[in-house]
Amino acid sequence: MSPVVTPMKIVVQDLRKEKVGWDEEVNHEFRSRVGEALKGFSGGNHLRINRWLGVTQSLQEYTRVSLHVFTDASSRAYGAAAYLRLTDAEEKVTVNLVTSKCRLAPPNGETIPRLELLGALLGARLLNSLRKEYKDFLKIDAEFLWSDSSVALAWINQGPRVGGVFVANRVEEITAVGGVWSWVPTDENPADLPTRGTTVSQLSVRKIWWNGPYWLNGPETEWTKQPRNDLMLQ
């Protein structure tokens with residue numbers, strides 16, 4: 001449950017930045033932050049997670065199987081969440097969370113566009129890992145990756161020859177993985193949750209986390225795949 005763990009990881013990172021020793025007593029501010037982070041875990045014994053992804057033994061039932069990886073970043077963390085989308089012969093669609101990853105931003109600071117690119121790289125690696133995991137028993141017809149960062153998407157679209165070593169090296173690895181990159185609105189991006197953190201009680205009712213954005217249940221022709229004009233790269 002990476003969205004719930006993120007606040008505690010940020011506290012630990014800040015303690016390290018302040019060079020607080022393991023045996024030192026932390027100040028009131030950090031004690032309060034730890035207390036709030038721990039409160040976020042309350043109710044975890046009542047959380048029920050559906051472990052079945054909708055896959056049956058009769059794979060012939062499905063007319064289309066696709067993987068969707070959403071990526072995002074904040075000033076403190078970047079993350080990715082992956083979903084399996086199944087369409088059966090009656091056009092019934094099932095979408096379920098497969099796995100997620102979250103990493104803290106470098107402690108010395110980094111720009112948001114670069115953090116968004118790190119999120120995209122994490123998502124590409126996650127997709128590649130799932131691709132290998134499923135190859136022996138489930139045929140994936142299409143692979144989609146989603147980001148709400150028009151800057152990161154512009155870098156990926158330009159390819160490894162984009163300027164700057166930091167960006168170019170990461171874009172090279174991202175493009176080598178493959179998959180179709182598209183834009184998604186921030187409020188419809190489930191990967192936003194692990195980058196900012198949430199509580200167990202909040203997470204339990206966030207359908208977007210467990211089943212992805214609502215439009216994944218609709219036809220592919222209705223999906224939003226292009227940035228709005230005001231989000232284009234400056």
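Structure: see above.
Position numbers for residues count from 1 along each chain, tracking the sequence in the order it is written. Reporting of local features is limited, given that this is a predicted model, to residues whose pLDDT is at least 70; pairs of side-chain atoms are given and counted only at 80 or more, and all residues count toward the totals for whole chains, interfaces and linings. To obtain the side-chain values, all non-hydrogen atoms of the structure were included, while hydrogens and water were left out.

Participant: Could you give me a rundown of the overall build of the protein chain, with the residues and numbers involved?
Facilitator: Going along the chain from the N terminus, every DSSP run of H or I of four or more residues is numbered as a helix, and every run of E of two or more is numbered as a strand. A count of helices and strands for the protein chain gives eight helices and five strands. Going from N to C terminus, the protein chain has its helices and strands arranged as α-α-β-β-β-α-β-α-α-β-α-α-α. For the protein chain, the spread of C-alpha atoms along the three principal axes comes to 60 × 50 × 35 Å. Taking all 234 residues of the protein chain together, the buried fraction comes to 47%. Contact between two residues is taken to exist if any of their heavy atoms lie within 4.5 Å; hydrogens are not considered. For the protein chain, the proportion of contacts with a sequence separation of at least 24, taken over those separated by at least 6, is 72%. None of His or the chain ends enter the tally, which takes Lys and Arg as positive and Asp and Glu as negative. In this description, the location of a charge corresponds to atom NZ of lysine, CZ of arginine, CG of aspartate or CD of glutamate. Of the charged side chains in the protein chain, 28 are positive and 27 negative; the average position of the first set lies 3 Å away from that of the second. For every residue, the accessible area obtained with a 1.4 Å probe (protein chains only) is divided by the maximum for its type, and the residue is called buried under 20%, exposed over 50%, and partly exposed between those limits.

Participant: Lay out the side chain of T198 with the relevant residues and their values.
Facilitator: On the secondary structure map, T198 appears in the loop between α6 (192–196) and α7 (200–204). Two N or O atoms count as a polar contact when they lie within 3.5 Å, although within protein this holds only if one can serve as hydrogen donor and the other as acceptor, and sequence-adjacent residues are included solely when both atoms are side-chain atoms. Of the polar contacts made by the side chain of T198, one reaches the side chain of Q202; its length is 2.7 Å. When sequence neighbours within four positions are dropped, the list of residues in contact with T198 reads P3, V4, P7 and L203.

Participant: Pulling in residues and values, what's your account of the sheet that holds strand β2 (residues 77–88)?
Facilitator: Pairs of strands are assigned from DSSP output, requiring at least two bridges between the strands. Spatially, β3-β2-β1-β4-β5 is the arrangement adopted by the five strands of the open sheet, whose pairing is mixed. For this open sheet the edge positions go to β3 (93–104) and β5 (180–183), each flanked by a neighbour on one side alone. Going from strand to strand, the sheet's axes swing by 20 degrees on average, the running direction of each strand aside. Of the strand pairs in this sheet, β2 and β3 are connected by 11 bridges, and their pairing is antiparallel. The axes are straight lines fitted to the C-alpha atoms, using for helices just the contacting stretch, and the angles between their N-to-C directions are given from 0 to 180°.

Participant: Which residues make up a nonpolar patch on the surface, and what values go with them?
Facilitator: Candidates for patches are residues over 30% relative accessible area with no salt bridge; among them, like charges are joined within 9 Å and nonpolar side chains (Val, Leu, Ile, Met, Phe, Trp, Tyr) within 5 Å. A 1.4 Å probe and the Shrake-Rupley method give the accessible areas. Residues count as covered only by the protein chains that appear here. The term salt bridge refers to a side-chain nitrogen of Lys or Arg lying within 4 Å of a carboxyl oxygen of Asp or Glu. A grouping of V5, L38 and F41 is seen on the molecular surface, where their side chains present a nonpolar patch of about 230 Å² in accessible area. Along the chain, V5 falls in helix α1 (residues 2–17). The exposure class of V5 is partly exposed, given its relative accessible area of 32%.

Participant: Can you lay out the nonpolar core for me, pointing to particular residues and giving the numbers?
Facilitator: Counting 37 residues, the largest nonpolar core has V69, L84, L117, V167, I174 and W181 as its most contacted members. Listed by contribution, the elements that provide at least two residues to this core are β1 (62–73), β2, α3 (112–134), α4 (150–158), α5 (165–177) and β5. Among the elements that line this core, the one with the most residues is α3, at 11 residues. When near neighbours in sequence (up to four residues on either side) are disregarded, L117 contacts A152, W155, I156, V167, R170, V171 and I174. Counting 22 residues, the second largest nonpolar core, distinct from the first, contains L47, V93, L193 and W215. Think of a nonpolar core as a cluster: buried Ala, Val, Leu, Ile, Met, Phe, Trp, Tyr and Cys residues, connected wherever their side-chain atoms sit within 4.5 Å.

Participant: Give a detailed account of α4, specifying residues and quantitative values.
Facilitator: Listed in full, the buried residues belonging to α4 are S150, A152, L153, A154, W155 and I156. Buried-residue contacts for α4 involve α3, β4 (142–147), α5 and β5. Directly after α4, the chain includes G159, whose backbone phi takes a positive value near 85 degrees.

Participant: Describe the pattern of salt bridges, naming the residues involved and giving the relevant values.
Facilitator: Here the structure, examined in full by the defined rule, presents nine salt bridges. Close ionic contact of E25 with R31 constitutes a salt bridge, the shortest N to O distance being 3.6 Å. For R31, a relative accessible area of 41% translates into the label partly exposed. A salt bridge links R125 to E173; the shortest N-O distance between them is 2.7 Å. Taken together, the positions of R125 in helix α3 and E173 in helix α5 put the pair 48 residues apart, joining distant regions of the chain. Judged by its relative accessible area of 45%, R125 is partly exposed.

Participant: Which residues make up the packing of aromatic side chains, and what values do they have?
Facilitator: Put simply, two rings from Phe, Tyr or Trp (the six-membered ring, in Trp's case) pair if the centres are within 6.5 Å, and we call them stacked under 30 degrees between planes, edge-to-face over 60, tilted for the rest. By the definition in use, this model includes nine aromatic pairs. With a centroid separation of 6.1 Å and an interplanar angle of 65 degrees, the aromatic rings of W146 and W223 are classed as edge-to-face. Here W146, found in strand β4, pairs with W223, found in the segment after α8 (207–211); they are 77 residues apart in sequence, far enough to count as distant. The exposure class of W146 is buried, given its relative accessible area of 0%. Classification of W223 by relative accessible area gives buried; the value is 6%. Three or more aromatic residues joined by ring pairs make a cluster, and in this case those are F70, Y83, F144, W146, W215 and W223. Working rule: Lys NZ or Arg CZ, within 6 Å of ring centre, within 35 degrees of ring normal, means a charge sits over the ring. The side chain of R114 reaches across the aromatic face of F166, ending 4.3 Å from its centre.

Participant: Give me the lowdown on the environment of K92, citing residues and values where you can.
Facilitator: With respect to the helices and strands, the residue K92 is situated in the loop between β2 and β3. When the C-alpha atoms of K92 and Y62 are compared, they prove to be 9.4 Å apart, with 30 residues separating the residues in sequence. The contacts of K92, once residues within four sequence positions are left out, are L86 and T87.

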